[in-house]
Amino acid sequence: MPKFVTIGYGDEAGYQRTPAAVRDAAHRHDAKLLAAGALMGIAGKPVQVRNPEDRGTETTDGPYLRAALPIAGFGIIEAATLEQAIELASKSPCAVAHGVIEVWPLLDA
């Protein structure tokens with residue numbers, strides 16, 4: 001089955017202004033995805049890694065990408081189609097709590 005990378009963006013203010021019942025339903029939804037085998041987690045602190053022309057590894061603390069909302073978490077889900085992946089993502093906490101979730105098809109290398 002096709003896999004999709006999800007990137008959730010959201011902040012505490014948006015989460016807190018979302019009704020508790022909606023948040024709870026979103027967390028139950030994510031628990032079902034986890035039970036079905038999805039890989040999901042909360043975003044930690046990023047490190048940028050570079051190795052130009054294989055001359056030596058360079059690291060920089062912090063994210064490379066900038067967004068209006070911070071990255072809250074990541075997931076890898078399975079879905080038959082992009083439309084199904086979108087539907088699954090639309091029920092997760094970042095999507096319902098005034099954030100956004102990007103859904104990226106994971107193509108074979």
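Scroll up a little and you will see the structure.
Residues numbered from 1 in each chain as written. Predicted model: local features only at pLDDT ≥ 70, side-chain atom pairs only at ≥ 80, totals over all residues. Heavy atoms only, no water.

**Q** Tell me about the sheet that holds strand 1 (residues 3-9), and name the residues and values.
**A** Spatial strand order, 2-5-1-6: four strands in an open sheet with antiparallel pairing. The open sheet has two edge strands with one neighbour each: strand 2 (39-42) and strand 6 (100-106). Strand-to-strand twist of the sheet, defined as the mean angle between neighbouring strand axes without regard to direction, takes the value 15°. As paired strands, strand 1 and strand 6 are joined by seven bridges and run antiparallel to one another. Note that in strand 6 the partner of Phe4 across the bridge is Pro105. Against the sheet, helix 3 (residues 82-89) makes contact with strand 1, strand 5 (71-78) and strand 6, and its axis sits at roughly 150° relative to strand 6, the strand it touches most. (Pairing = 2+ DSSP bridges. Helix = DSSP H or I, 4+ residues; strand = E, 2+ residues; numbered from the N terminus. Axes fitted to C-alpha atoms, helices over the stretch in contact; angles between N-to-C directions. Contact = heavy atoms within 4.5 Å.)

**Q** Report on helix 3, specifying residues and quantitative values.
**A** Buried residues of helix 3: Ala85, Leu88 and Ala89, and no others. In a view along the axis of helix 3, the buried residues occupy a sector of 95°, so they form one face of it. (Buried < 20%, exposed > 50% of the residue type's maximum accessible area, 1.4 Å probe, protein only. Arc of directions from axis to C-beta.)

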